[in-house]
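Summary of the model geometry
Okay, here's what each chain looks like letter by letter:
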Amino acid sequence: MSNNADAHRSPYAAFSGPNLGYIMEMYELFKTSPESVDAELAEMFSRFGAPTMSNTEQDKAIGAVAPGDFGKVLSAYQLQTAIRTYGHLAADIYPLSDRPKDSTRLELSTYGLIESDLQAMPASLFFKNVPASVENGLEAVNYLKSLYTGKIAYEFDHVIDEDERNWIQSKIENGNVTSTLSVDEKKALLERLTKIEGFEKFIHRTFVGAKRFSIEGLDTLVIFLDELVRLSEEQKTKKVLIGMAHRGRLNVLTHILNKPYETMFAQFAGVPEEPFLPTDGSLETTRGWFGDVKYHMGALYKGKTGMQRFLAYNPSHLEVVNPVVTGQTRAAQENTDNPGIPVLDTDAAYAVLIHGDAAFPGQGIVPESFNYSRVRGFKTGGSIHVIANNMIGFTTEYYDSRSTHYSSDPAKGYEVPVLHVNADSPESVIAAASFAFEYRQKFSKDILIDLLGYRRYGHNEMDEPLVTNPVMYHSIHEHPTVRALYGSELASANILTEEDVTKLDASVFATMQAAYDKVKEHTSEKALISNATPEEVLAGYPRDLETGTDEANLRRINEELLIYPENFNVFGKLEKILKRRQDPFNGKGKIDWAHAETLAFGAILQDGNPIRMTGQDVQRGTFAHRHVVLHDEKTGDELVPLHHISGSKASFVAYNSPLTEAAIVGYEFGYNLEDQKVLSIWEAQYGDFSNMAQVMFDQFVSSSYSKWGQQSGLVLLLPHAYEGQGPEHSSARLERYLQLCAENNWTVANLSSAANYFHILRRQAKMLGDKSMRPLVIVSPKSLLRHPLVGADVNDLTEGHFQTVLEQPGTGKKTDKVEKILFASGKVAIDLAERVKDGKDFDHLHIVRVEQLYPFPADKVSDIISRYPNAKELVWVQEEPKNMGSWHFANSYIREVADGKKVSYVGRIHRASPSEGDGESHKIEQNRILDEALKK
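Residues numbered from 1 in each chain as written. Predicted model: local features only at pLDDT ≥ 70, side-chain atom pairs only at ≥ 80, totals over all residues. Heavy atoms only, no water.

1. What about the nonpolar core?
Membership of the largest hydrophobic core comes to 105 residues, with the highest contact counts inside it found for L118, F224, L228, F265, V352, I354 and L419. Among the elements that make up this core, the one with the highest residue count is helix 17 (residues 426-443) (9 residues). Those residues in contact with F224, other than ones at most four positions away along the chain, are I384, V386, V429, A432, A433 and I449. (Core = buried A, V, L, I, M, F, W, Y, C linked by side-chain atoms within 4.5 Å. Buried < 20%, exposed > 50% of the residue type's maximum accessible area, 1.4 Å probe, protein only. Helix = DSSP H or I, 4+ residues; strand = E, 2+ residues; numbered from the N terminus. Contact = heavy atoms within 4.5 Å.)

Following this line, the structure appears as structure tokens:
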């Protein structure tokens, strides 16, 4: 460890004895007369304050510096600090040598020093543990330069924690960030590089023009992952989860997930890959019936050591996979089998997130993911990040791609150490991987490796990059591959001959050709893969699944939720509100929305399903309705009553999330993918806030089963309804979820009953892990949370099941008089109910609440219509504008069962914005809708 450990904050550790005494005298003078002190000293005093005493061993050595040489010592201090802080600007980290190096801050003349000044200083001025080969200050400076300006460059000055920063510096300056490979290991490394390159070359020659998004130019990314796998197996890690975009994915699948060459060549040749998959079950791949391109697919490899390697399935939305993978990682780290908080073991699994150099600073999901990395509900003990930096984004040069010097710079705002590594130096890449793994293990924090290489071809193999990036690509065409460079290096070291290197290349090609020859034997099996939706998917979930709960048990759950430790002080007003939850069990009042939810949670935990709930303010609930986490009024301590339910067999957590939507939705989707027995719930603070997570709904939640064969049971709660609060707090954009409905891909519900909410949660939990499992989108209420017409009686929860359709009590009694049937969903159905009350004076109509919009309950709607032979008109009533909400979705279903009756719409007209901007305008329009719907 160098002496700079303490000097990061103060330079005074560089002075002792007479020099320190002189500095202290000058500081006293500075306090009264700053202008009379040397300018350099005045700047130091202004920045660091009063000099401090130190008595380290190093100080004794520094005392050898002649009194009065404080200016030289201070300059030497500034020089060594500059080397550590700015050495990366002069480092040899660009394989193409196409970026200028800036060494101005590292030159002696910048600090008024000459070599003899440094030769006169002891090496211990720069190091605590001086290397044996370093004898004086000049040699110390040169040694530091060799460490900080080589093939690996470092940025860690932004790390606040001093122990962490000192550890990093110590590892660097003790020479520990190096790889010491034996001769056999060097040979094996060359063979690995030859296979990595040979795989790409073989596809390039054999399947001319086929898209593969090759890894060439960043071949050592696989070497980096190899080292992580090796270290992980040594540490008995249970699972390594990798998230990456398309570039290099096929090579990673082949060489890290051990997908046989034959399977990859079969995909390119258009023949089934199944005959070539391992028969020992070590490799698991899934594919949805509609499928996806080969460079979006993932796999799970179960190694002989017991460690699993997983490459996540990912669309072309680049960085969006990051939170999905970290969510999966958290699930892989947690044991949820017991009541209370899950037991977290961050050593059990970790994530490797591979970014693009243009996407890393360009995509907002990246800082969102960094932001939650140390938040209690989302931390995973650190992810290892790699920027696969080919110095270009599609055709965009770096200067059009970002406003920062490095693409990695956004990470520094989160105190993430950064290592820039030359991708043409495979041994440096191995050293960086080892360092990253050790850092993550020690500090449980994210770390970033900026792997700097290039892209040998265009964005895809059909592009001609000379059109848009001629200077770069003329350099690339003249630049040898990393395999060729390393082969020459070994030949120069007499480890191998040039002939050996050539033979190895030919041998690898022969291996590829043999694999392809096997595939060619199956070319007669070419056939179009059926895209038909499987029968088990079309069958949907079991109808009318019983979800009631024994009354005695429900009563006991309710009682236990209201029992607090003697020394726990619930906020007075809140305690009175919660105590009222006893009333429905004593024949008074109704069970409201949040009460029904909590009772459902208790019963689900007893069934053995863990529950994980996240979102902004979910513990209390946006509308102060939930209160599943209580806070002691005097101490602030937390109490979770659901942790104390008798008979509970699983964990429960509710975490308030950071103020982000996309990353947290992706995280929860990933969590549920990894642990499908968990009822994972994400709640939007307001329904329209989910706009920010639209890519997650489009690319993952709604379509992952169809594309990749990945099922999810994620629950989305989206507060929705028109109460005159303006366009941003009215609509959850229900129409967007309905537009994505197909092939029983998820359930979309707009509920008007607390009992139905209880039963749909129970139904969802019962389907977890089953073939019928699918996500659940609930357009949840705001003003209806406490509305008496929404409330439930105890017996509504103890028996029955979720009702996809509810008929309004008091209407439709006189079947021959009904001329109009109103169909409504959610809050507007309760607005109608308030108007009709017991149905008196409304014999002409019947009101039907469609609680489940998808799958649309057409059979039940048809049965209801058939009971009213004199009905002439079927009316869809909604509060949203006509181009929004559920009208356009429901219209076709209603028409199919209308039996010749008129189908019409009542609601707001077409609008660009979801709702009015003021409460009075809202009331006028809302009343108009109700009047028009109810009129004869």
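2. Comments concerning the packing of helix 13 (residues 321-333) against helix 25 (residues 662-674)
Viewed as axis vectors pointing N to C, helix 13 and helix 25 meet at an angle of 45 degrees, and their least axial separation amounts to 6 Å. Taken as axis vectors, helix 13 and helix 25 run oblique relative to one another. For helix 13 against helix 25, the interelement crossing comes out right-handed. Contacts between helix 13 and helix 25 involve P323, V324, T326, G327, Q328, R330, A331 and A332 from the former and A663, G666, Y667, F669, G670, Y671, L673 and E674 from the latter. A per-class count over the contact of helix 13 with helix 25 returns 9 nonpolar, 5 polar and 2 charged. (Axes fitted to C-alpha atoms, helices over the stretch in contact; angles between N-to-C directions. Parallel < 35°, antiparallel > 145°, perpendicular 65-115°, else oblique. Left-handed = near helix turned anticlockwise from the far one by under 90°. Nonpolar A, V, L, I, M, F, W, Y, C, P; charged D, E, K, R; others polar.)

3. Examining the side chain of S657
Tracing the backbone shows S657 in the loop between strand 17 (652-656) and helix 25. Take S657: its relative accessible area is 11%, and that puts it in the buried class. Within polar-contact distance, the side chain of S657 engages the backbone nitrogen of Q616 at 3.4 Å. Apart from the residues within four sequence positions on either side, S657 is in contact with F378, G615, Q616 and I664. (Polar contact = N/O pair within 3.5 Å; in protein donor to acceptor, adjacent residues only side chain to side chain.)

4. Here's the deal with the environment of K259
Its location among the elements puts K259 in the loop between helix 11 (249-255) and helix 12 (261-269). Separated by 71 residues in sequence, K259 and R330 have C-alpha atoms that sit 26 Å apart. Ignoring sequence-local partners within four residues, the contact set of K259 consists of L253, T254, M264, Q267, E273, L283 and T285.

5. Quick word on the sheet that holds strand 19 (residues 715-717)
If you walk across this open sheet you meet the 7 strands as 17-14-18-19-21-20-25, and the pairing is mixed. Each of the sheet's edge strands pairs with one partner strand only, and the pair in question is strand 17 and strand 25 (852-854). Taking the axes of each pair of neighbouring strands and ignoring which way they run, one obtains an average angle of 20 degrees across the sheet. In terms of strand pairing, strand 19 meets strand 21 (residues 776-779) through 3 bridges, oriented parallel. Of the residues in strand 21, the one forming a bridge with V715 is L776. (Pairing = 2+ DSSP bridges.)

6. Some thoughts on the packing of helix 7 (residues 137-148) against helix 8 (residues 162-173)
One can describe the packing of helix 7 onto helix 8 by two numbers: an axis separation of 10 Å at closest approach and a directional angle of 105 degrees. The angle between the axes of helix 7 and helix 8 places the two elements in the roughly perpendicular class. Between helix 7 and helix 8, the contacting residues are Y143, L144, L147 and Y148 on the first element and Q169, I172 and E173 on the second. Across the contact of helix 7 with helix 8, the residue classes break down as 5 nonpolar, 1 polar and 1 charged.

7. Some details on helix 34 (residues 919-934)
Every α-helix carries 3.6 residues per turn, so stepping three or four residues along brings you back to the same face. Between its first and last C-alpha, helix 34 extends 23 Å over 16 residues, near the 22 Å set by a 1.5 Å rise per residue. Every buried residue of helix 34 is listed here: H922, E925, Q926, I929, L930, A933 and L934. Buried positions in helix 34, seen along its axis, are confined to an arc of 160 degrees and lie on one side of it. For helix 34, the exposed residues set more than 90 degrees away from the buried face come down to E920 and I924. On its buried side, helix 34 packs onto strand 23 (820-824), helix 31 (827-836), strand 24 (845-850), strand 26 (873-881) and strand 27 (902-908). Between the side-chain oxygen of the N-cap and the backbone nitrogen of E920 there are 3.2 Å, and the N-cap of helix 34 in question is D918. (Expected span 1.5 Å × (residues − 1). Arc of directions from axis to C-beta.)

8. Let's talk about the environment of L740
Tracing the chain through its elements places L740 in the loop between helix 28 (734-739) and strand 20 (747-750). L740 sits in the partly exposed class, given a relative accessible area of 24%. Sequence separation between L740 and D793 is 53 residues, and the spatial gap between their C-alpha atoms is 35 Å. Not counting residues up to four positions away in its chain, the partners in contact with L740 are Q694, F697, D698, S702, N745 and W746.

9. Some details on the sheet that holds strand 1 (residues 152-155)
Spatially, 9 strands are ordered 1-12-13-9-8-2-5-4-3 in an open sheet, and the strand pairing comes out mixed. Only two strands of the sheet have a single partner each, and these edge strands are strand 1 and strand 3 (283-284). Here strand 2 (residues 239-244) pairs with strand 5 (residues 308-311) via 4 bridges, running parallel. Bridging across to strand 5, K239 finds its partner in Q308.

Shape descriptors only; they carry no functional weight alone.
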